[in-house]
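Below, each chain spelled out in residue letters.
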Amino acid sequence: MFVLSFTHGCVRYVRNYLVAAVLATAVLAISATAWADPLPSWRDGEVKSRLIAFVEAVSDPTSGRFVAPSERVAVFDNDGTLWAEQPVYFQLFFAADQLKAMAENDPSILTSDALKAAAAGDLKAALAGGEEALLEIVTVSHSNTTVSAFIEAAREWLATARHPETDMAFSDMVYQPMLELLRYLRDEGFDTYIVSGGGVHFMRAFTDKVYGIPPEQVIGSMVETSYGTVDGQPAIVKEPAIAFINDKGGKPVAIDRVIGRRPLLAVGNSDGDFAMLEWTTAGSGPRLAAIVHHTDAEREWAYDRDSHVGRLDRGLSEAGERGWLLIDMANDWLTVYPASAP
(Lines give C-alpha, C1' and ligand atoms only; values in the text may rest on other atoms or scores of the structure.)
Protein backbone atom coordinates (compact mmCIF):
# COMPACT_ATOMS: atom_id res chain seq x y z
CA MET A 1 0.00 0.00 0.00
CA PHE A 2 2.87 2.29 0.81
CA VAL A 3 4.50 1.60 -2.52
CA LEU A 4 1.24 2.19 -4.37
CA SER A 5 0.63 5.43 -2.48
CA PHE A 6 4.19 6.57 -3.13
CA THR A 7 3.86 5.76 -6.82
CA HIS A 8 0.67 7.78 -7.12
CA GLY A 9 2.37 10.61 -5.34
CA CYS A 10 5.30 10.49 -7.74
CA VAL A 11 3.00 10.48 -10.72
CA ARG A 12 1.06 13.41 -9.32
CA TYR A 13 4.31 15.28 -8.58
CA VAL A 14 5.72 14.67 -12.05
CA ARG A 15 2.46 15.67 -13.67
CA ASN A 16 2.30 18.93 -11.72
CA TYR A 17 5.96 19.60 -12.46
CA LEU A 18 5.44 19.13 -16.18
CA VAL A 19 2.40 21.39 -16.20
CA ALA A 20 4.33 24.07 -14.36
CA ALA A 21 7.27 23.72 -16.74
CA VAL A 22 5.04 24.04 -19.81
CA LEU A 23 3.33 27.10 -18.36
CA ALA A 24 6.67 28.67 -17.48
CA THR A 25 7.98 28.01 -20.98
CA ALA A 26 4.87 29.57 -22.50
CA VAL A 27 5.20 32.64 -20.28
CA LEU A 28 8.86 33.01 -21.22
CA ALA A 29 8.03 32.63 -24.93
CA ILE A 30 5.29 35.25 -24.70
CA SER A 31 7.58 37.58 -22.76
CA ALA A 32 10.38 37.11 -25.28
CA THR A 33 7.98 37.87 -28.13
CA ALA A 34 6.62 40.89 -26.32
CA TRP A 35 10.11 42.28 -25.72
CA ALA A 36 11.60 41.36 -29.09
CA ASP A 37 12.95 44.39 -30.91
CA PRO A 38 10.95 44.82 -34.13
CA LEU A 39 13.54 47.22 -35.55
CA PRO A 40 16.96 45.81 -34.58
CA SER A 41 18.87 47.77 -37.25
CA TRP A 42 17.57 51.08 -35.91
CA ARG A 43 19.56 52.86 -33.20
CA ASP A 44 17.60 53.52 -30.01
CA GLY A 45 16.40 57.10 -29.96
CA GLU A 46 13.52 59.42 -30.74
CA VAL A 47 12.94 58.23 -34.32
CA LYS A 48 12.77 54.55 -33.41
CA SER A 49 10.70 55.24 -30.30
CA ARG A 50 8.15 57.33 -32.18
CA LEU A 51 7.80 54.75 -34.95
CA ILE A 52 7.19 51.92 -32.48
CA ALA A 53 4.88 54.03 -30.29
CA PHE A 54 2.80 54.98 -33.31
CA VAL A 55 2.46 51.42 -34.60
CA GLU A 56 1.64 50.08 -31.14
CA ALA A 57 -0.98 52.76 -30.51
CA VAL A 58 -2.92 52.24 -33.74
CA SER A 59 -2.80 48.43 -33.50
CA ASP A 60 -3.69 48.05 -29.79
CA PRO A 61 -7.48 47.60 -29.29
CA THR A 62 -7.16 49.04 -25.77
CA SER A 63 -5.50 52.20 -27.05
CA GLY A 64 -7.43 55.40 -27.46
CA ARG A 65 -5.76 55.75 -30.87
CA PHE A 66 -6.69 52.29 -32.17
CA VAL A 67 -7.39 52.06 -35.90
CA ALA A 68 -9.20 49.15 -37.54
CA PRO A 69 -6.93 46.86 -39.64
CA SER A 70 -8.84 47.73 -42.82
CA GLU A 71 -7.68 51.34 -42.43
CA ARG A 72 -4.04 50.64 -41.62
CA VAL A 73 -2.40 51.71 -44.86
CA ALA A 74 1.29 52.62 -45.13
CA VAL A 75 2.84 54.05 -48.31
CA PHE A 76 6.51 54.22 -49.24
CA ASP A 77 8.45 55.89 -51.98
CA ASN A 78 11.00 53.51 -53.54
CA ASP A 79 14.06 55.32 -54.94
CA GLY A 80 16.06 56.73 -52.04
CA THR A 81 13.55 55.42 -49.51
CA LEU A 82 13.62 51.64 -49.86
CA TRP A 83 16.78 51.33 -51.96
CA ALA A 84 19.59 53.63 -53.09
CA GLU A 85 19.29 56.10 -55.96
CA GLN A 86 22.77 57.46 -56.65
CA PRO A 87 24.37 58.48 -58.94
CA VAL A 88 21.14 58.14 -60.95
CA TYR A 89 17.91 56.22 -60.50
CA PHE A 90 18.62 52.53 -60.98
CA GLN A 91 15.90 52.21 -63.58
CA LEU A 92 17.89 54.54 -65.82
CA PHE A 93 20.80 52.07 -65.86
CA PHE A 94 18.31 49.47 -67.02
CA ALA A 95 16.89 51.83 -69.66
CA ALA A 96 20.37 52.55 -71.03
CA ASP A 97 21.17 48.84 -71.33
CA GLN A 98 17.83 48.25 -73.02
CA LEU A 99 18.49 51.06 -75.48
CA LYS A 100 21.91 49.64 -76.31
CA ALA A 101 20.42 46.20 -77.05
CA MET A 102 17.57 47.70 -79.08
CA ALA A 103 19.95 49.89 -81.11
CA GLU A 104 22.07 46.89 -82.05
CA ASN A 105 19.03 45.53 -83.90
CA ASP A 106 17.76 48.88 -85.15
CA PRO A 107 20.15 51.89 -84.93
CA SER A 108 17.45 54.16 -86.34
CA ILE A 109 15.71 54.32 -82.94
CA LEU A 110 18.48 56.62 -81.66
CA THR A 111 16.93 59.79 -82.97
CA SER A 112 18.35 62.30 -80.44
CA ASP A 113 21.57 63.12 -78.65
CA ALA A 114 20.03 61.97 -75.37
CA LEU A 115 19.19 58.54 -76.79
CA LYS A 116 22.61 58.16 -78.40
CA ALA A 117 24.38 59.11 -75.17
CA ALA A 118 22.25 56.74 -73.11
CA ALA A 119 22.87 53.84 -75.48
CA ALA A 120 26.59 54.57 -75.24
CA GLY A 121 26.41 54.46 -71.45
CA ASP A 122 27.14 58.17 -70.98
CA LEU A 123 24.28 58.94 -68.60
CA LYS A 124 25.68 62.32 -67.58
CA ALA A 125 25.47 63.54 -71.16
CA ALA A 126 22.13 61.80 -71.65
CA LEU A 127 20.59 63.70 -68.75
CA ALA A 128 21.97 67.07 -69.79
CA GLY A 129 18.59 67.67 -71.40
CA GLY A 130 16.83 67.46 -68.04
CA GLU A 131 13.43 65.88 -67.46
CA GLU A 132 12.56 65.96 -71.16
CA ALA A 133 15.59 63.81 -71.99
CA LEU A 134 14.82 61.42 -69.14
CA LEU A 135 11.26 60.90 -70.32
CA GLU A 136 12.45 60.34 -73.89
CA ILE A 137 14.91 57.65 -72.77
CA VAL A 138 12.27 55.89 -70.68
CA THR A 139 9.60 56.14 -73.37
CA VAL A 140 11.73 54.59 -76.11
CA SER A 141 13.38 51.90 -73.97
CA HIS A 142 10.15 50.86 -72.22
CA SER A 143 7.77 50.58 -75.16
CA ASN A 144 6.89 48.41 -78.17
CA THR A 145 6.96 45.27 -76.05
CA THR A 146 4.49 43.32 -73.99
CA VAL A 147 4.22 43.90 -70.26
CA SER A 148 5.16 40.30 -69.51
CA ALA A 149 8.24 40.45 -71.77
CA PHE A 150 9.30 43.75 -70.21
CA ILE A 151 9.01 42.42 -66.66
CA GLU A 152 10.98 39.32 -67.59
CA ALA A 153 13.70 41.49 -69.15
CA ALA A 154 13.87 43.58 -65.98
CA ARG A 155 14.21 40.46 -63.83
CA GLU A 156 16.99 39.10 -66.00
CA TRP A 157 18.80 42.43 -65.85
CA LEU A 158 18.49 42.66 -62.06
CA ALA A 159 19.92 39.15 -61.75
CA THR A 160 23.18 40.10 -63.48
CA ALA A 161 23.66 43.90 -63.49
CA ARG A 162 25.99 45.57 -61.01
CA HIS A 163 26.14 49.08 -59.63
CA PRO A 164 29.02 51.00 -61.27
CA GLU A 165 30.41 52.33 -57.97
CA THR A 166 29.70 49.62 -55.38
CA ASP A 167 29.81 46.59 -57.71
CA MET A 168 26.80 45.29 -55.79
CA ALA A 169 23.68 43.83 -57.32
CA PHE A 170 21.09 46.60 -57.43
CA SER A 171 18.63 44.45 -55.48
CA ASP A 172 21.23 44.13 -52.69
CA MET A 173 21.28 47.90 -52.28
CA VAL A 174 18.00 47.92 -50.39
CA TYR A 175 17.91 49.35 -46.88
CA GLN A 176 17.85 46.78 -44.10
CA PRO A 177 16.14 49.16 -41.61
CA MET A 178 13.32 49.74 -44.10
CA LEU A 179 12.90 46.02 -44.72
CA GLU A 180 12.42 45.65 -40.97
CA LEU A 181 9.90 48.48 -40.88
CA LEU A 182 7.89 46.95 -43.72
CA ARG A 183 7.84 43.57 -41.99
CA TYR A 184 6.93 45.13 -38.63
CA LEU A 185 4.02 47.03 -40.14
CA ARG A 186 2.64 43.94 -41.85
CA ASP A 187 2.99 41.95 -38.62
CA GLU A 188 0.82 44.61 -36.98
CA GLY A 189 -1.92 44.45 -39.61
CA PHE A 190 -0.83 47.16 -42.05
CA ASP A 191 -1.09 46.95 -45.82
CA THR A 192 2.16 48.27 -47.28
CA TYR A 193 2.19 50.00 -50.67
CA ILE A 194 4.92 51.44 -52.86
CA VAL A 195 4.02 54.85 -54.33
CA SER A 196 6.99 55.85 -56.46
CA GLY A 197 7.98 57.89 -59.46
CA GLY A 198 9.66 54.78 -60.85
CA GLY A 199 8.08 52.78 -63.63
CA VAL A 200 5.32 50.53 -62.32
CA HIS A 201 6.27 47.51 -64.44
CA PHE A 202 9.96 47.85 -63.64
CA MET A 203 9.20 47.82 -59.91
CA ARG A 204 6.76 44.94 -60.20
CA ALA A 205 9.63 42.84 -61.50
CA PHE A 206 11.22 42.70 -58.04
CA THR A 207 9.10 44.22 -55.24
CA ASP A 208 7.41 40.97 -54.21
CA LYS A 209 10.70 39.11 -53.86
CA VAL A 210 12.73 41.95 -52.37
CA TYR A 211 10.20 43.81 -50.19
CA GLY A 212 7.35 41.34 -49.79
CA ILE A 213 5.07 43.81 -51.59
CA PRO A 214 2.96 42.16 -54.32
CA PRO A 215 2.44 43.76 -57.76
CA GLU A 216 -1.09 44.93 -56.98
CA GLN A 217 0.31 47.09 -54.16
CA VAL A 218 2.80 48.92 -56.39
CA ILE A 219 1.86 52.33 -57.80
CA GLY A 220 4.24 54.03 -60.22
CA SER A 221 4.68 56.02 -63.39
CA MET A 222 3.61 54.33 -66.60
CA VAL A 223 3.59 54.52 -70.36
CA GLU A 224 0.39 54.01 -72.30
CA THR A 225 -0.70 50.40 -72.70
CA SER A 226 -3.12 48.68 -75.04
CA TYR A 227 -4.70 45.27 -75.40
CA GLY A 228 -4.07 43.17 -78.48
CA THR A 229 -2.57 39.96 -79.76
CA VAL A 230 1.15 39.25 -80.16
CA ASP A 231 2.18 36.08 -81.97
CA GLY A 232 -1.42 34.97 -81.78
CA GLN A 233 -1.63 35.39 -77.99
CA PRO A 234 -3.60 38.01 -76.03
CA ALA A 235 -1.23 40.58 -74.53
CA ILE A 236 -0.92 43.98 -72.89
CA VAL A 237 1.44 46.09 -75.02
CA LYS A 238 3.49 49.06 -73.80
CA GLU A 239 3.11 52.00 -76.18
CA PRO A 240 5.65 54.82 -76.84
CA ALA A 241 3.80 57.52 -74.90
CA ILE A 242 3.80 58.60 -71.25
CA ALA A 243 0.47 57.95 -69.53
CA PHE A 244 1.13 59.14 -65.96
CA ILE A 245 4.01 60.55 -63.93
CA ASN A 246 3.64 59.46 -60.31
CA ASP A 247 5.49 62.31 -58.65
CA LYS A 248 4.76 65.31 -56.43
CA GLY A 249 1.03 66.11 -56.54
CA GLY A 250 0.42 63.04 -58.65
CA LYS A 251 1.15 60.75 -55.70
CA PRO A 252 -1.90 61.65 -53.56
CA VAL A 253 -4.04 61.46 -56.69
CA ALA A 254 -2.71 57.99 -57.49
CA ILE A 255 -3.24 56.83 -53.89
CA ASP A 256 -6.84 57.99 -54.02
CA ARG A 257 -7.45 56.30 -57.37
CA VAL A 258 -5.80 52.99 -56.56
CA ILE A 259 -6.06 52.52 -52.80
CA GLY A 260 -9.08 54.66 -52.00
CA ARG A 261 -7.90 55.36 -48.44
CA ARG A 262 -5.77 58.09 -46.93
CA PRO A 263 -2.69 56.41 -45.46
CA LEU A 264 -1.87 56.38 -41.75
CA LEU A 265 1.87 56.37 -42.47
CA ALA A 266 3.85 57.77 -45.38
CA VAL A 267 7.62 57.59 -45.87
CA GLY A 268 9.67 59.34 -48.54
CA ASN A 269 13.04 60.97 -49.02
CA SER A 270 12.69 63.93 -51.36
CA ASP A 271 10.53 66.91 -52.21
CA GLY A 272 8.90 64.70 -54.82
CA ASP A 273 7.24 62.98 -51.84
CA PHE A 274 6.21 66.20 -50.08
CA ALA A 275 2.61 66.17 -51.30
CA MET A 276 2.17 62.52 -50.31
CA LEU A 277 3.41 63.20 -46.78
CA GLU A 278 1.39 66.41 -46.51
CA TRP A 279 -1.84 64.74 -47.64
CA THR A 280 -1.30 61.80 -45.31
CA THR A 281 -0.81 63.90 -42.19
CA ALA A 282 -3.69 66.25 -43.06
CA GLY A 283 -6.16 63.47 -42.29
CA SER A 284 -7.97 63.14 -38.96
CA GLY A 285 -6.86 60.73 -36.28
CA PRO A 286 -3.37 59.33 -35.77
CA ARG A 287 -1.07 59.93 -38.75
CA LEU A 288 2.69 59.92 -39.20
CA ALA A 289 5.08 60.99 -41.96
CA ALA A 290 8.80 60.30 -42.16
CA ILE A 291 11.64 61.39 -44.42
CA VAL A 292 14.83 59.41 -45.01
CA HIS A 293 17.61 61.99 -44.89
CA HIS A 294 20.75 60.82 -46.67
CA THR A 295 23.51 61.92 -44.29
CA ASP A 296 25.87 58.94 -44.53
CA ALA A 297 28.69 59.61 -47.00
CA GLU A 298 30.70 56.71 -45.59
CA ARG A 299 28.19 53.87 -45.90
CA GLU A 300 26.04 55.33 -48.69
CA TRP A 301 25.82 58.93 -49.98
CA ALA A 302 25.22 62.28 -48.31
CA TYR A 303 22.94 64.70 -50.19
CA ASP A 304 19.82 66.83 -49.85
CA ARG A 305 19.15 70.42 -51.02
CA ASP A 306 21.48 70.61 -54.03
CA SER A 307 21.25 67.05 -55.31
CA HIS A 308 20.25 66.37 -58.91
CA VAL A 309 18.67 63.12 -57.67
CA GLY A 310 16.41 62.94 -54.62
CA ARG A 311 16.54 66.67 -53.90
CA LEU A 312 15.33 67.40 -50.38
CA ASP A 313 14.86 71.09 -49.68
CA ARG A 314 11.35 72.06 -48.61
CA GLY A 315 10.85 68.80 -46.75
CA LEU A 316 14.08 69.33 -44.84
CA SER A 317 13.04 72.86 -43.87
CA GLU A 318 9.48 72.05 -42.83
CA ALA A 319 9.72 68.55 -41.33
CA GLY A 320 10.16 69.85 -37.77
CA GLU A 321 7.28 72.31 -37.74
CA ARG A 322 4.99 69.72 -39.34
CA GLY A 323 5.91 67.04 -36.81
CA TRP A 324 7.37 64.75 -39.46
CA LEU A 325 10.10 62.33 -38.51
CA LEU A 326 13.46 63.13 -40.07
CA ILE A 327 15.39 59.86 -40.25
CA ASP A 328 19.11 60.63 -40.07
CA MET A 329 20.69 57.72 -41.92
CA ALA A 330 24.11 58.13 -40.32
CA ASN A 331 22.79 58.36 -36.77
CA ASP A 332 19.51 56.42 -36.76
CA TRP A 333 20.58 53.32 -38.69
CA LEU A 334 23.01 50.79 -37.26
CA THR A 335 23.41 49.26 -40.70
CA VAL A 336 22.40 50.28 -44.21
CA TYR A 337 22.34 47.22 -46.48
CA PRO A 338 21.29 43.68 -45.51
CA ALA A 339 23.96 41.50 -43.91
CA SER A 340 23.63 39.09 -46.84
CA ALA A 341 24.79 41.80 -49.27
CA PRO A 342 28.49 41.81 -50.25
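As shown above, the structure is provided for reference.
Fair warning: this is a prediction, and the values are worked out from it, not measured in the lab.

Definitions and limits used
- Residues numbered from 1 in each chain as written.
- Predicted model: local features only at pLDDT ≥ 70, side-chain atom pairs only at ≥ 80, totals over all residues.
- Heavy atoms only, no water.
- Pairing = 2+ DSSP bridges.
- Helix = DSSP H or I, 4+ residues; strand = E, 2+ residues; numbered from the N terminus.
- Buried < 20%, exposed > 50% of the residue type's maximum accessible area, 1.4 Å probe, protein only.
- Contact = heavy atoms within 4.5 Å.
- Salt bridge = Lys/Arg side-chain N within 4 Å of Asp/Glu carboxyl O.
- Axes fitted to C-alpha atoms, helices over the stretch in contact; angles between N-to-C directions.
- Parallel < 35°, antiparallel > 145°, perpendicular 65-115°, else oblique.
- Nonpolar A, V, L, I, M, F, W, Y, C, P; charged D, E, K, R; others polar.
- Right-handed = clockwise from strand over helix to strand, strands pointing away.

Engineer: Mind showing me how you'd approach the sheet that holds strand β7 (residues 288-293) here?
Structural biologist: Strands in a sheet are paired, the pairing made by backbone hydrogen bonds, and the direction either parallel or antiparallel. Spatial strand order, β2-β5-β4-β3-β1-β6-β7-β8: eight strands in an open sheet with mixed pairing. Strands at the two margins of the open sheet, each flanked by one partner only, are β2 (145-146) and β8 (325-328). Of the strand pairs in this sheet, strand β4 (residues 218-230) and strand β5 (residues 233-244) are connected by eight bridges, and their pairing is antiparallel. When the sheet's bridge partners are listed, glycine 228 is paired in β5 with alanine 235.

Engineer: Is there a simple way to think about helix α11 (residues 250-258) in this case?
Structural biologist: Along α11, the residues that are buried comprise Gly250, Lys251, Pro252, Ala254 and Ile255. Buried residues along α11 sit against β1 (73-76), β3 (191-199), β4, β5 and α12 (274-281). Downstream of α11 by a residue or two, glycine 260 has a phi angle that is positive, lying close to 80°.

Engineer: Help me out: how do you make sense of the pattern of salt bridges in this one?
Structural biologist: Think of it this way: side chains of opposite charge can pair up when their charged atoms draw near. Taken as a whole and judged by the stated rule, the model has 10 salt bridges. Linking lysine 48 and aspartate 37 is a salt bridge whose minimum nitrogen-to-oxygen distance equals 2.6 Å. Remark: aspartate 37 occurs in the loop between α1 (2-35) and α2 (46-59) and lysine 48 occurs in helix α2; sequence separation between them is 11 residues. Across the pair lysine 48 and aspartate 44 runs a salt bridge, and its minimum N-O distance is 3.1 Å. What makes lysine 48 buried here is its relative accessible area of 4%. Assessed through its relative accessible area of 65%, aspartate 44 is described here as exposed. Here the salt bridges do not stand alone but share partners, grouping Glu278, Arg314, Glu318 and Arg322 into one network.

Engineer: Can you walk me through the packing of α11 against α12 in this structure?
Structural biologist: A packed helix pair is summarised by two numbers, namely the angle formed by the two axes and the spacing between the axes. The contact between α11 and α12 brings their axes to 7 Å, and the two run at 55°. On the basis of the axis angle, α11 is oblique to α12. Residues Lys251, Pro252 and Ile255 of α11 touch α12, and the partners they reach there are Ala275, Met276 and Trp279. Looking at the contact of α11 with α12 residue by residue, the class counts come to five nonpolar, no polar and one charged.

Engineer: Help me understand the pairing of β8, please; the structure alone is not making it clear to me.
Structural biologist: In regular strands, side chains alternate between the two faces of the sheet. Here β8 shows a clear split, with Leu325 and Ile327 buried on one side and none of Leu326 and Asp328 buried on the other. By the bridge criterion, four bridges tie β7 to β8 in an arrangement that is parallel. Bridge assignment links alanine 290 to a residue of β8, and that residue is leucine 325. Remark: the β7/helix α13 (residues 314-322)/β8 crossover connection has right-handed handedness.

Engineer: Is there a simple way to explain the environment of glutamate 152 in this structure?
Structural biologist: Tracing the backbone shows glutamate 152 in helix α7 (residues 147-160). Residues glutamate 152 and phenylalanine 202, spaced 50 residues apart in sequence, show a C-alpha to C-alpha distance of 9.5 Å.

Engineer: Would you mind going over the environment of leucine 135 with me for this structure?
Structural biologist: Among the secondary structure elements, leucine 135 is positioned in helix α6 (residues 130-141). For the pair leucine 135 and isoleucine 242, spaced 107 residues apart in the sequence, the C-alpha separation amounts to 7.9 Å. With near-sequence residues (within four places) excluded, leucine 135 lies in contact with Ile242 and Ile245.

Engineer: I would appreciate a short explanation of the pairing of strand β6 (residues 265-268) in the present structure.
Structural biologist: Side chains Leu265 and Val267 project from β6 onto one buried face, and the interleaved Ala266 and Gly268 project onto a second face that is buried too. Two elements, β1 and β6, share three bridges in a ladder whose sense is parallel. Counterpart to phenylalanine 76 in the pairing with β6 is valine 267. Direction of pairing for β6 relative to β7: parallel, over a ladder of four bridges. Within β7, the residue paired with valine 267 across the bridge is alanine 290. Crossover β6 to β7 through α12 is right-handed.

Engineer: Sorry, what's going on with the packing of helix α3 (residues 90-105) against α7 here?
Structural biologist: The contact between α3 and α7 brings their axes to 11 Å, and the two run at 105°. With respect to α7, the element α3 is oriented roughly perpendicular. Contact residues: Phe90, Phe93, Phe94, Asp97 and Gln98 in α3; Phe150, Ala153, Ala154 and Trp157 in α7. Tallied by class, the residues present in the contact of α3 with α7 amount to seven nonpolar, one polar and one charged.

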